[in-house]
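Here is what each chain is made of, one letter per residue.
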Amino acid sequence: MQFQLDLIEDKIEFFEATTLTSLEKKIAEKIEQNRAILLGVHSVSHQMQIDADGHKHFSAVVHFKAK
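The structure reproduced in this document is the subject of the present report. (Residues numbered from 1 in each chain as written. Predicted model: local features only at pLDDT ≥ 70, side-chain atom pairs only at ≥ 80, totals over all residues. Heavy atoms only, no water.)

### Considerations on the nonpolar core
Line of reasoning, step 1. Of all hydrophobic cores here, the largest spans 9 residues; its members are Phe15, Ala17, Leu23, Ile27, Leu39, Phe58, Ala60, Val62 and Phe64.
Line of reasoning, step 2. Elements represented by at least two residues in this core include exactly strand 1 (10-17), helix 1 (20-35) and strand 3 (56-66).
Line of reasoning, step 3. When residues of this core are assigned to their parent elements, the largest contribution, 4 residues, is made by strand 3.
Line of reasoning, step 4. Once you skip the residues sitting within four places of it in the chain, Phe58 turns out to touch Phe15, Glu16, Ala17, Thr18, Thr19, Leu20, Leu23, Gln47 and Met48. (Core = buried A, V, L, I, M, F, W, Y, C linked by side-chain atoms within 4.5 Å. Buried < 20%, exposed > 50% of the residue type's maximum accessible area, 1.4 Å probe, protein only. Helix = DSSP H or I, 4+ residues; strand = E, 2+ residues; numbered from the N terminus. Contact = heavy atoms within 4.5 Å.)

Okay, here's the thing in structure tokens:
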């Protein structure tokens, strides 16, 4: 039986929320989790959209890379 470990070098995660503070909280939690597997934030891209009813929708893409 073979057992092989591969190092994660890049990881991209997507986030959605209805408020900016909840989006920030989700991203902060994931940063802490990924720090445990030696990944740091490489870049962040975010957007805000307003639907026809006037509700805001926040989204973000975070690119994690090995340190």
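### Structural notes on the sheet that holds strand 2 (residues 39-50)
Line of reasoning, step 1. Read from one edge of the open sheet, 3 strands run 1-3-2, paired in antiparallel fashion. Here the strands that pair on one side only, and so sit at the sheet edges, are strand 1 and strand 2. On average, adjacent strands in this sheet sit at an angle of 15 degrees to one another, irrespective of strand direction.
Line of reasoning, step 2. As judged from the 11 bridges shared by strand 2 and strand 3, these two strands associate in the antiparallel manner. Of the residues in strand 3, the one forming a bridge with Leu39 is Ala66.
Line of reasoning, step 3. Helix 1 contacts strand 1, strand 2 and strand 3 of the sheet and is inclined by roughly 155 degrees relative to strand 1. (Pairing = 2+ DSSP bridges. Axes fitted to C-alpha atoms, helices over the stretch in contact; angles between N-to-C directions.)

### Focus on the pattern of salt bridges
Line of reasoning, step 1. Applying the stated criterion across every chain, the model contains 3 salt bridges.
Line of reasoning, step 2. With a closest N to O distance of 3.1 Å, Lys11 and Glu13 form a salt bridge.
Line of reasoning, step 3. Among the residues examined, Lys11 registers a relative accessible area of 25% and is labelled partly exposed.
Line of reasoning, step 4. As a salt-bridge pair, Glu13 and Lys30 come within 3.7 Å of each other at their nearest N and O atoms. Placement of Glu13 in strand 1 and of Lys30 in helix 1 is noted, with a sequence separation of 17 residues between them.
Line of reasoning, step 5. One network of salt bridges, with partners in common, ties together Lys11, Glu13 and Lys30. (Salt bridge = Lys/Arg side-chain N within 4 Å of Asp/Glu carboxyl O.)

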